[in-house]
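Given next are the chains, with one letter for each unit.
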Amino acid sequence: MSAAFFDLDKTVIAKSSALAFGRPFYRDGLISRRDVVKTAYAQLMFRLGGGTDEQSMARTRDYMAALCKGWSVEQVRQIVAETLNDLINPYVYAEAAALIAEHQAAGRDVVLVSASGDEMVRPIGALLGITDVIATRMAITDGRYSGMVEFYAAGPAKAVGVRELAGERGYDLTECYAYSDSSSDLPLLEAVGHPSAVNPDRALRRVATQRTWPILEFRHPVPLGKRLRDRPAVPVAAALSVGVGVAIGVALYGRHRRIRAAATTAP
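- For the protein chain, an unreviewed UniProt entry supplies the name Morphological differentiation-associated protein and the organism Actinoplanes couchii.
- The UniProt entry for the protein chain carries the following text under Sequence similarities (unreviewed entry): "Belongs to the HAD-like hydrolase superfamily. SerB family."

This is how it looks when you write it as structure tokens:
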């Protein structure tokens, strides 16, 4: 038994899943304009590497818990369901979708692991044909978020969630795979026998290079119904060869025409 664990943001999709739903949350009155700005700023700081320590993660967790307090869980689920196709589907990396399909074809379970809320991550997983999710779980009272966090799936907690699931399923973690773009997910990557860095930040790229982990570059976000194979990309080397060949052909043709023109006008 083995599995492949995929971080979500910037690994499977080319954007932040939490920020993606900011606009409909604002439209439906769940957050204010100020909340949108603060959340975007917090996400930016995290991406720049300033949010990877435990204190920063705790501040982000507490801020999100306070922000969501009182929200109707059903309303959140409805907003996600209504906007998923527009906000997430076009931004799924074709390379990630193909890799997920390869793992599934090999008989491995595929698990999405994300700090975003379960109500967001699980529908995204369903979009990708993934049923197993490790995500942040907010405490719920009478159908509303209470402002408490039951499990914050960030940093070392991702590895904790992976080990718990491995214990339940009987996975041999040395035979498992993990993919992430962020150095904050080093505990997740270190928990498996086959880690890979995807679009890595500077710190993760340095570690991956030192440890000779595979480094993958995903560059083609396309809707799931329009896979990369439906619009095959020409390899860079081939594209350059074609371009050079065309340029040489044009130059030779122009030279040939000039010689002919000179010959016909000569006395």
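Next, the rest of the story.
A few points about the pairing of strand E5 (residues 177-180)
Reasoning step 1: What you see with E5 is no split at all: Tyr177 and Tyr179 on one side and Ala178 and Ser180 on the other are buried throughout.
Reasoning step 2: Pairing of strand E1 (residues 3-7) with E5 involves 3 bridges; the strand directions are parallel. Across the sheet, the residue bridging to alanine 4 is tyrosine 177, located in E5.
Reasoning step 3: Bridge analysis of E5 against strand E6 (residues 194-198) gives 4 bridges, and the strand direction is parallel. Looking at the pairing, alanine 178 lines up with proline 195 of E6.

What to know about helix H6 (residues 94-105)
Reasoning step 1: The end-to-end C-alpha distance of H6 is 16 Å, a good match for the 16 Å that 12 residues give at a rise of 1.5 Å each.
Reasoning step 2: Among all positions in H6, only Ala94, Glu95, Ala96, Ala97, Leu99, Ile100 and His103 are buried.
Reasoning step 3: Looking at the buried side of H6, the elements it contacts are E1, strand E2 (109-117), E5 and strand E7 (215-216).
Reasoning step 4: Positioned one or two residues after H6, glycine 107 has a phi angle of 90°, which is positive.

So, the packing of aromatic side chains
Reasoning step 1: Under the defined criterion, the tally for this structure stands at 5 aromatic pairs.
Reasoning step 2: On the numbers, 4.5 Å between centres and 20° between planes, the contact of phenylalanine 6 with tyrosine 179 is stacked. Of this pair, phenylalanine 6 sits in strand E1 while tyrosine 179 sits in strand E5, and the two are 173 residues apart along the sequence. Residues phenylalanine 6 and tyrosine 179 agree in their burial class; the two are buried.
Reasoning step 3: Taken together, the ring pairs connect Phe21, Phe25 and Trp71 into an aromatic cluster.
Reasoning step 4: Just above the ring of tyrosine 91 sits the side chain of lysine 15; from NZ or CZ to the centre is 4.0 Å.

Overview of unusual backbone geometry
Reasoning step 1: Phi is positive for asparagine 199, close to 45°, though the residue is something other than glycine.
Reasoning step 2: You can see asparagine 199 is positioned in the loop between E6 and helix H10 (202-210).
Reasoning step 3: By relative accessible area, which is 12% here, asparagine 199 ends up buried.
Reasoning step 4: Phi at threonine 212 takes a positive value of approximately 55°, unusual for a residue other than glycine.
Reasoning step 5: When you line up the elements, threonine 212 lands in the loop between H10 and E7.

Quick notes on the rules
Residues numbered from 1 in each chain as written. Predicted model: local features only at pLDDT ≥ 70, side-chain atom pairs only at ≥ 80, totals over all residues. Heavy atoms only, no water. UniProt positions renumbered as here; feature names shortened; annotations may be inferred. Buried < 20%, exposed > 50% of the residue type's maximum accessible area, 1.4 Å probe, protein only. Helix = DSSP H or I, 4+ residues; strand = E, 2+ residues; numbered from the N terminus. Pairing = 2+ DSSP bridges. Expected span 1.5 Å × (residues − 1). Contact = heavy atoms within 4.5 Å. Phe/Tyr/Trp six-rings, centres within 6.5 Å; stacked < 30°, edge-to-face > 60°. Lys NZ or Arg CZ within 6 Å of the ring centre and 35° of its normal.

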